[in-house]
Amino acid sequence: MQDLALHQITMTQGGPVGLVRFAAEAGLSRVCLFTATPSTPDGRDMFPIVRPSDRTEFQTVLADNGVSIINAEYFPITPNTDVSQYASELGLAAELGAKRAVTHIHEVDVSRISNQLGKLCEMAGHLGMEIGLEFTGFARGCDSLEKAVRLHQKMRQPNLKIAIDALHLFRTGGSLDQLKSIDPEIIGYAQLCDGPHFRRSDDYVEEAMNRMIPGEGMFPLSALIELFGSHVDLDIEVPHYAAAPHFDPENWAREAIVASRALLE
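About the criteria used
- Residues numbered from 1 in each chain as written.
- Predicted model: local features only at pLDDT ≥ 70, side-chain atom pairs only at ≥ 80, totals over all residues.
- Heavy atoms only, no water.
- Helix = DSSP H or I, 4+ residues; strand = E, 2+ residues; numbered from the N terminus.
- Rg over C-alpha atoms; globule rule 2.2 N^0.38 Å.
- Buried < 20%, exposed > 50% of the residue type's maximum accessible area, 1.4 Å probe, protein only.
- Contact = heavy atoms within 4.5 Å.
- Areas by Shrake-Rupley, 256 points an atom, 1.4 Å probe, with all protein chains shown as cover.
- Lys, Arg positive; Asp, Glu negative; His and termini not counted.
- Charge placed at Lys NZ, Arg CZ, Asp CG, Glu CD.
- Polar contact = N/O pair within 3.5 Å; in protein donor to acceptor, adjacent residues only side chain to side chain.
- Pairing = 2+ DSSP bridges.
- Right-handed = clockwise from strand over helix to strand, strands pointing away.
- Axes fitted to C-alpha atoms, helices over the stretch in contact; angles between N-to-C directions.
- Phe/Tyr/Trp six-rings, centres within 6.5 Å; stacked < 30°, edge-to-face > 60°.
- Arc of directions from axis to C-beta.

*Asks:* Please provide a residue-by-residue account of the overall build of the chain, values included.
*Replies:* Within the chain, the regular secondary structure consists of 10 helices and eight strands. The C-alpha atoms of the chain give a radius of gyration of 17 Å, which matches the 18 Å a tight globule of 265 residues would have. In terms of overall dimensions, the chain has C-alpha extents of about 50 × 45 × 40 Å along its principal axes. In the chain, which comprises 265 residues, the share counted as buried stands at 54%. Counting only contacts in the chain whose residues sit at least 6 apart along the sequence, the fraction spanning at least 24 positions is 78%. Carbon and sulfur atoms make up 49% of the accessible area of the chain, which totals about 11400 Å². Put simply, the chain has 22 plus and 36 minus side-chain charges, and the middle of one group is 5 Å from the middle of the other.

*Asks:* Lay out the side chain of His 104 with the relevant residues and their values.
*Replies:* Looking at the element boundaries, His 104 is found in the loop between β4 (100-103) and α4 (110-126). The exposure class of His 104 is buried, given its relative accessible area of 11%. Within the local environment of His 104, its side chain forms a polar contact with the side chain of Glu 134, the two groups lying 3.5 Å apart. Leave out the neighbours within four places in its chain, and His 104 touches Tyr 74, Phe 75, Pro 76, Ile 77, Glu 134, Thr 136 and Ala 139.

*Asks:* Tell me about the pairing of strand β5 (residues 130-134), and please be specific about residues and values.
*Replies:* Regular strands show a simple pattern: their side chains alternate between the two faces of the sheet. β5 sits mainly inside the fold: five of its five residues count as buried. Burial along β5 is two-sided: the residues Glu 130, Gly 132 and Glu 134 and Ile 131 and Leu 133 are all buried. With four bridges joining them, β4 and β5 adopt parallel strand pairing. Residue pairing in the sheet places Arg 100 in a bridge with Glu 130 of β5. Between the parallel elements β4 and β5, the chain passes through α4 in a crossover that is right-handed. Here β5 runs beside strand β6 (residues 160-165); their pairing, made up of four bridges, is parallel. Across the sheet, Glu 134 pairs through a bridge with Ala 163, a residue of β6. With respect to chirality, the unit in which β5 leads through helix α5 (residues 145-155) into the neighbouring parallel β6 is right-handed.

*Asks:* An account of unusual backbone geometry is needed here, citing residue identities and associated values.
*Replies:* For the bond running from Glu 73 to Tyr 74, omega is 10 degrees, close enough to zero to count as cis. With respect to the helices and strands, Tyr 74 occurs in the loop between β3 (68-73) and α3 (87-95). Non-glycine residue Asn 80 carries a positive phi angle of around 65 degrees. By the element assignment, Asn 80 lies in the loop between β3 and α3. What makes Asn 80 exposed here is its relative accessible area of 77%. The backbone phi angle of Arg 156 is positive, close to 55 degrees, even though this residue is not glycine.

*Asks:* Outline the sheet that holds β3, listing residues and values.
*Replies:* The strand order β1-β2-β3-β4-β5-β6-β7-β8 describes a closed barrel built from eight strands, whose pairing is parallel. Here the average twist between neighbouring strands, direction ignored, is 30 degrees. In the sheet, strand β1 (residues 4-7) pairs with strand β8 (residues 233-236) via three bridges, with the strands oriented parallel. Directly across from Leu 6, in β8, lies its bridge partner Ile 236.

*Asks:* Quick one: what's the story with the packing of aromatic side chains, residue by residue and with numbers?
*Replies:* Each aromatic ring pair is characterised by the separation of its centres together with the angle its planes make. Across all of its chains, the model carries seven aromatic pairs by this definition. Members of the aromatic cluster, connected to one another through ring pairs, are Phe 170, Phe 198 and Phe 219.

*Asks:* Before we move on, could you go through helix α2 (residues 55-65) and cite the residues and values that matter?
*Replies:* Residues of α2 that are buried include every one of Phe 58, Val 61 and Leu 62, and no others. Projected down its long axis, α2 carries its buried residues within an arc of 95 degrees, all on one side. Along α2, exposed side chains directed more than 90 degrees from the buried face belong to Thr 56, Glu 57, Ala 63 and Asp 64. At the C-terminal side of α2, Gly 66 shows a positive phi close to 65 degrees.

Shown next, in the form of structure tokens:
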């Protein structure tokens, strides 16, 4: 059975160290986490983060638990921001052994997208990393699979790969037939979750932060997984932030892991 990774936003309890230890206890050897994070309106980190001061200790935690990082987030291309400002956080991700760094395209100027994405790919390439291009309904510069494929073809960067997040695929009008029509080698990783319907939308933030356990919704996840080559990394991304008072995040993460393994079996 293919290895699965656990995404930080599926279980933020305990921060990155807690994520690594929990993943190892659950029999997983890979995680997705943050070395850079968006900020809340009041200036706080939106998600738990590995900081440069944590480098040595966190490398030890990874090694002791036999866990590696497939995705480091979050390195968006935005208006009026130069990706060179990510050098420190990108370098930290590389030192921790991350396979790739994730980007979303919020910039809409075509020439600037090419310039900034090209620069980000080069920065990552020098560090031995891929760039994972994740399309979402919230990122106007790349808000569909079709746009992601066109951008990939235009950039011709060998370390640029496309991400398929099940929720983003179906909420932005993507389909299995569309996915079948593209070269499977350009897909780098996929994120598993479920949803209650196939409504197309560019305003689904609430749902994105409160997803369904794989297999409990309507998404054709088994058929989706069958379209991926063995090189595609699979990531369990099932955040649940609208929690009841007695919600147990570890039990939630365990349920997501068990359900995702059942899909692969």
